[in-house]
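# Architecture at a glance
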Amino acid sequence: MYMYLLRHVMGGDHSYLFTKLIERRDYPAFKCTPLLSVLTVIRAAILIQKWYRFTMARLEMRRRYSLSIFQSIEYADEQDQLQLSNFFTFMLDHCSHPDSVSEIFTSPSAPQVVDEDLCLKEFEKKIDVPDSYYGPRLSFPLTVEDANALLHAFRNEQLLHARYVLQLLSETRRVLKEMPNITHLSTSYSKDITVCGDLHGNLDDLLLIFYKNGLPSEQNCYVFNGDFVDRGKNSMEILIILFAFLLIYPNDLHLNRGNHEDYIMNLRYGFTKEVSKKYKDHWKQILCLLRDVFSWLPLATIIDSKVLILHGGISDTTDLDFLNALERSKVRDHIHVRVILFSFKKILILDILWSDPRSQNGCTPNKSRGGGCYFGPDVTAKLFERYNLKMLIRSHEFKPEGYEISHDGKVITIFSASNYYEEGSNRGAYIKLTPELTPRFVQYQVSKFTRRQNLRERVGTIESSALKSLREKIYAHRSELTSAFAQYDVNGTGRISVNDWAAAMESVLQLELPWRMLRSQLAQMNPDGEVDFMSCFYDLKMDQPIKEAQPALAETLCRYRKDLEIIFNIIDKDHSGLISLEEFSQTWRLFTSHLGIDVQDDSIDKLVLSIDYNKDGHIDFNEFLEAFHVVHRLEKKATS
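Residues numbered from 1 in each chain as written. Predicted model: local features only at pLDDT ≥ 70, side-chain atom pairs only at ≥ 80, totals over all residues. Heavy atoms only, no water.

Cut-off, in case you're wondering: UniProt positions are given in the numbering used here, feature names are shortened, and annotations may be inferred rather than shown by experiment.
As recorded by an unreviewed UniProt entry, the protein chain carries the name Serine/threonine-protein phosphatase with EF-hands and is attributed to Zosterops borbonicus. Database annotation for the protein chain, UniProt heading Sequence similarities (unreviewed entry): "Belongs to the PPP phosphatase family."

What follows is the structure, encoded as structure tokens:
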């Protein structure tokens, strides 16, 4: 009876915490005799309930600030990515070989351009499929059996042969070119429409959606709302599956473009590397054709003239009529959209791919991401009134529960990639939209390891990963942070107040994080309550095998490593991984000049010469940049 009362008062079956309580025999409830009053048992249960609620609140607090860290760093990274567009414009104005730089905006990265008229038979003639290949063998037009064969192969981690990939992409481009910028759908009495958000290369999420909701068919319509690729390891497989079903059911599976269906975004966030590793002989052709396919993806979907579905959001200048009329294929890489948008109305494409809703009225620049805008309920209401809409479904934003409703139910965010930041970090979700246009949310979470972990362990894993990322960000800004700390340390003691430490962290990193709460995880405090600010860097160091690199130069290379990798990969037209010393030095000087970084020219010259090991005038820049990354001292000890 006492156990029943305890469970009842705590509410629910919390097996892990309850087991821990039973182990604690010092609680009064476990010392009671059969004669003890029920009132005493209830009092003990209330004490246990308070402890349980306190424990759960602490775990939830740790989970929330961990997710805030992940999201803040993600948005800061996107700011850096969008700022590259300004640098490309700067290069055009200042490079001594502007023609080669202008190719960034007009030519695919692959030197071997896939002919627009290259048909399926030509790929068949030019690319041989050996007898040793045991994966799916596609024939066009595709059938449901072909799609099932692809699903089976990918579940077993098989690759589709490059010939079939190129044929599939060629056919997909042909079909997409016939589609409008805005797809119009209608429901029937018995036909639901399923809307899925970001997948980001998480194949297990797509397979789970199909398992729970059924495969696409004439009776099972889907809309996938962009960001199919990047971050996850199976972006190519997701594209192949979606494109295959698009060819089989062009009227029942629909695709919108996301901000990651972009060549330059793919350079930073992993898709380019994935393709080059999986298709070593034909990856240049595949990426070239994919760049074209992405440019032909529709920009939005409207259901029953009432529900607008697009990837990012809207602004106070969103014009659906203009959006439907523009030549979308010319916006090949929206990341440098400012360079090519002189013929378009303001920054319409950037808005629909990058914007986020907020609760305050108005439309303001999205400073967190560096592109698009924040749009308020009044902006949503204005667009709905103009076009007689009822609902806006968008994706683009991580949500812990997989979805979120805002603007009085008018705006729905749907995010379909579970475990986005870390195993156990979030659920994914999709929407079942009924013929009455009523949304029903289905949540899920792919669980490979978390089932064996209790709640405390899952939160600990997420927190540890988030803090690791944050510490790397902190170390990459070491010089700026040290200067900011010194402004508060007027007596040179090496210690400042918690408030001053938090203010310095935010002034440099601008991540809008709860720094006072995070202090105990990031820096040490003395008995007087002051922060030893240099302790932020104790557990980190620069993995710097090249002794010629001065500390300031090494830190700069570490901080801008991703940007430099993208720039150098674009300049490296033959993708050999090598770049001439002249190109390296000139690009570096332009980059530091554009950002206002004060680095002596002779220091980079000495460094570049020192890593030209065979003295042929070229360096392996990927290997060079990889040398400058942050190493966690404790991890290195553990692995050594």
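### Here's the deal with the overall build of the protein chain
Rule in force here: Helix and strand labels come from DSSP, where a helix needs a run of H or I of at least four residues and a strand needs a run of E of at least two; each type is numbered from the N terminus. What makes two residues a contact is simply this: any of their non-hydrogen atoms within 4.5 Å. What sets the accessible areas is the Shrake-Rupley method with a 1.4 Å probe; for residues, cover comes only from the shown protein chains.
Each helix and strand counted, the protein chain has 26 helices and 21 strands in total. For the protein chain, the share of sequence-separated contacts (at least 6 apart) that also reach a separation of at least 24 residues comes to 74%. Of the roughly 29,100 Å² of accessible surface on the protein chain, a fraction of 49% belongs to carbon and sulfur atoms.

### Overview of helix α9 (residues 235-248)
Here is the rule we go by: Multiplying 1.5 Å by the residue count of a helix minus one yields the expected span of that helix. The cut-offs for exposure are 20% and 50% of the maximum accessible area for each residue type, with area from a 1.4 Å probe on protein chains only; residues under the lower value are buried, those over the upper are exposed, and the others partly exposed.
Helix length check: α9 (14 residues) gives 20 Å between terminal C-alpha atoms against 20 Å at 1.5 Å per residue, within 8%. Counting buried residues along α9, 14 of its 14 residues qualify, which places the element largely inside the surrounding structure.

### What to know about the packing of aromatic side chains
Stated formally: When the centres of two rings from Phe, Tyr and Trp lie within 6.5 Å, Trp using its six-membered ring, the rings pair. Their planes under 30 degrees apart give stacked, over 60 give edge-to-face, and anything left gives tilted.
The final tally for this structure, using the stated rule, is 17 aromatic pairs. Where F415 meets Y420, the ring centres are 5.0 Å apart and the plane angle is 80°; that geometry is what we call edge-to-face. Its relative accessible area of 1% is what places F415 among the buried residues. Ring geometry for F485 against F533: centres 5.1 Å apart, planes inclined by 35°, an arrangement best described as tilted. Highlighted residues: F485 in helix α18 (residues 478-488) and F533 in the loop between β17 (531-532) and β18 (540-543), separated in sequence by 48 residues. Residue class for F485 comes out buried when judged on its relative accessible area of 0%. Judged by relative accessible area, which is 6%, F533 ranks as buried.

### Examining the nonpolar core
Under the convention used in this document: Nonpolar cores are built from buried Ala, Val, Leu, Ile, Met, Phe, Trp, Tyr and Cys residues. Side-chain atoms within 4.5 Å join them into one set.
Grouped together as the largest cluster of nonpolar side chains are 62 residues, with contacts concentrated most on L160 and F224. Ranked by the residues each element gives to this core, the list is headed by α9, at 12 residues. Residues in contact with F224, not counting those within four places in the same chain, are C196, L199, L206, F210, L242, L253, H254, L255 and N256. Of all hydrophobic cores here, the second largest spans 38 residues; its members include L67, F398, I496 and L518.

### Let's talk about the side chain of T172
So the rule is basically this: Polar contact criterion, stated in full: a pair of N or O atoms within 3.5 Å, where within protein one must be able to donate a hydrogen and the other to accept it, and residues adjacent in sequence count only if both atoms are side-chain atoms.
Along the chain, T172 falls in helix α7 (residues 162-176). A distance of 2.8 Å separates a polar atom in the side chain of T172 from the backbone oxygen of L168. Dropping the residues within four chain positions of it, T172 is found in contact with F243, L246, L247 and V293.

### Some details on the pairing of strand β10 (residues 391-394)
Inclusion rule: By the convention used here, strands pair only if DSSP detects at least 2 bridges between them.
Along β10, one buried face is formed by M391 and I393 and the opposite face, lined by L392 and R394, is buried too. When strand β6 (residues 307-309) meets β10, the two strands line up parallel, connected through 3 bridges. Bridging across to β10, I309 finds its partner in I393. As paired elements, β10 and strand β12 (residues 411-414) share 3 bridges and run parallel to each other.

### Some remarks on the pattern of salt bridges
Test applied: Salt bridges are defined by distance alone: a side-chain nitrogen of Lys or Arg within 4 Å of a carboxyl oxygen of Asp or Glu.
Taken as a whole, this structure holds 19 salt bridges when the rule is applied. Linking K191 and D252 is a salt bridge whose minimum nitrogen-to-oxygen distance equals 3.3 Å. Taken as a pair, K191 in the loop between β1 (182-185) and β2 (193-196) and D252 in the loop between α9 and β4 (253-255) lie far apart in primary sequence, 61 residues in all. Measuring nitrogen to oxygen at the nearest pair gives 3.7 Å for the salt bridge that ties D319 to R386. On the criterion of sequence distance, the pair formed by D319 in the loop between β6 and α13 (320-325) and R386 in helix α16 (residues 377-387) is long-range, its members being 67 residues apart.

### What about the sheet that holds strand β14 (residues 439-444)?
Strands in a sheet are paired, the pairing made by backbone hydrogen bonds, and the direction either parallel or antiparallel. For the record, the criterion: To define axes, lines are fitted to C-alpha atoms, for helices over the stretch in contact only, and angles between the resulting N-to-C directions are given on a 0 to 180 degree scale.
Judged by pairing direction, the sheet is mixed, and its 5 strands sit side by side in the order β4-β3-β2-β13-β14 without closing on themselves. Only two strands of the sheet have a single partner each, and these edge strands are β4 and β14. For this sheet, the mean inter-axis angle between neighbouring strands, taken without regard to orientation, is 20°. Note: β2 against strand β13 (residues 428-433), 4 bridges, orientation antiparallel. Bridge pairing in β13 links C196 to Y430. Helix α8 (residues 203-213) contacts β2, β3 (221-224), β13 and β14 of the sheet and is inclined by roughly 125° relative to β14. Its contacts with the sheet put α9 on β3 and β4, and the angle it makes with β4 is roughly 125°.

### Some thoughts on the UniProt feature "domain: EF-hand" (unreviewed entry) in the protein chain
Taken from the UniProt record, the annotation "domain: EF-hand" (unreviewed entry) applies to residues 476-511, 559-594 and 599-634. Secondary structure content for residues 476-511 is 67% helix and 6% strand, while the C-alpha to C-alpha distance between its ends is 14 Å.

### Considerations on helix α6 (residues 144-155)
Under the convention used in this document: The directions from the helix axis to the C-beta atoms are what the arc is built from.
With 12 residues, α6 extends 17 Å between its outermost C-alpha atoms, agreeing within 8% with the 16 Å of an ideal straight helix rising 1.5 Å per residue. Along α6, the residues classified as buried are D146, A147, L150, L151, A153 and F154. Down the axis of α6, the sector holding all buried residues measures 165°, keeping them to one side. In this structure, α6 carries E145, H152 and R155 as exposed residues pointing more than 90 degrees from its buried face. Tucked into the core, α6 has its buried residues touching α8 and α9. Downstream of α6 by a residue or two, E157 has a phi angle that is positive, lying close to 60°.

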